[in-house]
Amino acid sequence: MKNAPPASHTASLVSRLPFSAALTPAAVLALSWLVALTGRPVISRVAGLHTLSAASPYFRPDYAGLLYLLTPLVVIASFVMFLTPGGLLTLALSRPRQAGEWLVYAFGASLGLVILLTPIAGLLPGPADTGLLWLWAGVSTAAAAWLVWRTRRGDAPPWPLASPADRRRLLAMGGAVWLAVALLIPKLFWENFNLDGIEAFEFGRSLSTHLLPYWELKDSVFGFYPNFFLFAYPNHWFTALFGPIEAAARLPFILYLVLLFPALTLLIERNSARRLAALEEAILWLGLALFAVVQVFNTNYEPFYTDLAETAATDTLWMLVFLAAAYTLWAERFRWFWLFGLYTYAASPGALVLLGGLAVGLFLATGLARLRQIGHAVGVAVVSLALGQLHGLLLAVDGVNQFSALNMLRRLYPPHLTGFARLNALIFPTGILPALALPLVRRRDTLAWTLAVTAALSFGLTYIQTWTSLHQFTPAMVLPVVVFWRLYLNRFPAWRSRLLPLLAIGIAVSLWLSLPPHFQINQTVRQFGQATEFRLGDYNTAYEEAVRASRLLYALTPEDYRLEYPNQPWGTDALAWLYYATRPKPAGTVINYVVQPASDPPPDGAEPVAVQDGAAVYVYNRDVWQAHLQPDIPRVAQSPLYEPILRHTYAFFY
């Protein structure tokens, strides 16, 4: 399609920001940094209010100013702070022509800077977290000075916010952050970690003491997965800013979620007849709200509750960098494509399917007419696969990487063809209409066609797996949205007045049906951990020893409790227990469990429960122990739309 850019877009192509007018955005950046840095106690205080989750956690008028005004303000400021160096550098180097492109590039550049600066900060004297923030400020200052110098020379870059539509969209993104944080305070700050959440958090925290992400992969083997570690770097950055709290690994989800909007609009409007209007943008935001509900409340392996840190945050990051890769491939910004393509590989084990889908879809649509783009897509996939193989050779431990290509292929046999509930993972998270629109796409819109092929390939391979999880269908929740809106703008203009209300109704119905059966905030792991005293290893300086000792948890709680789903006993995971056992304890905490070297004298009044690998666990009060094992909490957390997928997985392993 060769349509000219819309008028509002064309205007933004030629607009320059005068030096005098640059003072306003500069003041916004400076104020944001000030709020983010001075507002850190606000975030710490909110994290410490987890006892508020016991009753009416989603609406606390007694703390309204703190929870619904100050906290979103600090979070927005922290996001601006994160994007600052990348935004300034891309403004100077890549000269983005509109706000969406600028924001996506800014995120990609800032993410690259975290990856680059984190090991440098570890080599500096003093705490690595503090060093990272100083380096962040230094790079931001240098980039700003460079921009000022170029502007004073008369070489001002195009101003990506010249269009009123772009400014409207930026304000909408800020409002979306505010609303998301205010509505999700309990899920962001108060719910305790589960195994997936603690994995996302610890991979990020490890970068304070290691040059690369570092966590237990399997049975005392520590390292990182080559195709599942990208999330560690933003998590580390937010940990450096806000401290080692749950929200440090969960707030990135909100950042990724709002950045999906410009990434989606870039693909939707690429060579389209026009840009989305305000009402259409509002419907797209409603679709993102549906996506958020599905991710926040339903994508979990832990049967009792979801954890935003993983998989909601990790999969949303995956979608963000893949959409950016797809856009830069079509825009023929190949350096950016390689960056976002490699990000895609590092973000998820399912990345090769998406990268391969780009090449396959392009070939099916155009043959060899777009050989250059196909070559770059294949090149990124081949390099990614080679990096994974190299990592396996260097690690040299058989079976450690559960996300290896071989292990992923093993899930395809025997194929599962009758799991019709899995169709819900395609239909409802998109809002119904986008999923139904996939067969209507035609090759002449090569972008829509390629994304439809990629979505079908990803969904099909996930559908036939012997076991799967809702979160693995995430590409099928996002890519059909782009396809539908491109059809809406370019192929069915006469149907727009009917399609828009139908889409809004479909999204609203899907959102309602995707709500979980309860909104309880789980605190059981925190309570069990707070009642534990660890006298072996050190969480900050001898983490591996502490991890080995934490396996004594399974002498206190059932290890395979999940396999009895949906009537499972209460249980948790050793590393989440370790985190809460080693956190500062509230005044008046009563210790009921002690973990210490087996050679040490037993604690007075405690009885031994188990000894393992030179460590022993003791219990003071068996009645308290039994009470901890029988909390009054719901056993099922997912919407009935998606719960059968989880039920089948546990039935498969049981």
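Predicted, not measured: the structure shown is a model, and the values here were computed from it.

Before going further, it helps to examine the sheet that holds strand S5 (residues 607–612). What the four strands build is an open sheet, ordered S3-S4-S6-S5; its pairing is mixed. Edge strands, defined here as strands with exactly one partner in the open sheet, are strand S3 (532–534) and S5. Within this sheet the neighbouring strands show an average axis-to-axis angle of 20 degrees, counted without direction. In the packing of helix H26 (residues 622–629) onto the sheet, the strands contacted are strand S4 (593–597), S5 and strand S6 (615–619), and the crossing angle to S4 comes to about 105 degrees.

This part is about the nonpolar core. Among the nonpolar cores identified, the biggest contains 205 residues, and Phe107, Leu451 and Trp485 are the most heavily contacted of them. A total of 18 residues in this core trace back to one element, the largest contributor, which is helix H11 (residues 246–269). When residues no more than four places from it in sequence are discounted, the contact partners of Trp485 are Ile268, Leu276, Glu280, Ile283, Leu284, Leu500 and Leu503. By size, the runner-up hydrophobic cluster in this structure holds nine residues, among which are Leu88, Ala92, Leu147 and Trp159.

One pass over the full model with this rule turns up three cavities of 30 Å³ or more. Of all the elements in the fold, those that place two or more residues in the lining of the largest cavity are H11, helix H12 (278–298), helix H21 (474–490) and helix H22 (496–514). For the lining of the largest cavity, the leading source of residues is H12, giving five residues. Looking at the lining of the largest cavity residue by residue, the class counts come to 14 nonpolar, two polar and no charged. Computed from the structure, the second largest cavity encloses a volume of approximately 90 Å³. As for the second largest cavity, its lining consists of Tyr58, Lys187, Glu191, Phe297, Phe304, Tyr305, Thr306, Pro516, His518, Phe519, Gln520 and Ala637.

Another point: unusual backbone geometry. Of note, the bond from Glu310 into Thr311 is cis; its omega dihedral lies within 30 degrees of zero at 25 degrees. With respect to the helices and strands, Thr311 occurs in helix H13 (residues 308–330). A cis amide bond links Tyr565 to the next residue, Pro566, at an omega of 10 degrees. With a phi close to 60 degrees, Glu332 is a non-glycine residue in the positive phi region. Residue position: Glu332 is located in the loop between H13 and helix H14 (334–347). Residue classification places Glu332 among the partly exposed positions, given a relative accessible area of 45%.

Think of an α-helix as 3.6 residues a turn; residues three or four steps apart then line up on the same face. The end-to-end C-alpha distance of H11, which contains 24 residues, comes to 37 Å, matching closely the 34 Å that a straight helix rising 1.5 Å per residue would cover. Burial of H11 is extensive: 24 of the 24 residues sit out of reach of the surface. Phi turns positive one or two residues past the end of H11, at Asn271, with a value near 55 degrees.

Quick notes on the rules
Residues numbered from 1 in each chain as written. Predicted model: local features only at pLDDT ≥ 70, side-chain atom pairs only at ≥ 80, totals over all residues. Heavy atoms only, no water. Pairing = 2+ DSSP bridges. Helix = DSSP H or I, 4+ residues; strand = E, 2+ residues; numbered from the N terminus. Axes fitted to C-alpha atoms, helices over the stretch in contact; angles between N-to-C directions. Contact = heavy atoms within 4.5 Å. Core = buried A, V, L, I, M, F, W, Y, C linked by side-chain atoms within 4.5 Å. Buried < 20%, exposed > 50% of the residue type's maximum accessible area, 1.4 Å probe, protein only. 1 Å grid on protein atoms, 1.4 Å probe; cavity = no way out; pocket = protein on both sides within 12 Å on 5 of 7 lines; lining within 4 Å. Points joined across faces, edges and corners; volume = space filled by probe spheres on them. Nonpolar A, V, L, I, M, F, W, Y, C, P; charged D, E, K, R; others polar. Expected span 1.5 Å × (residues − 1).

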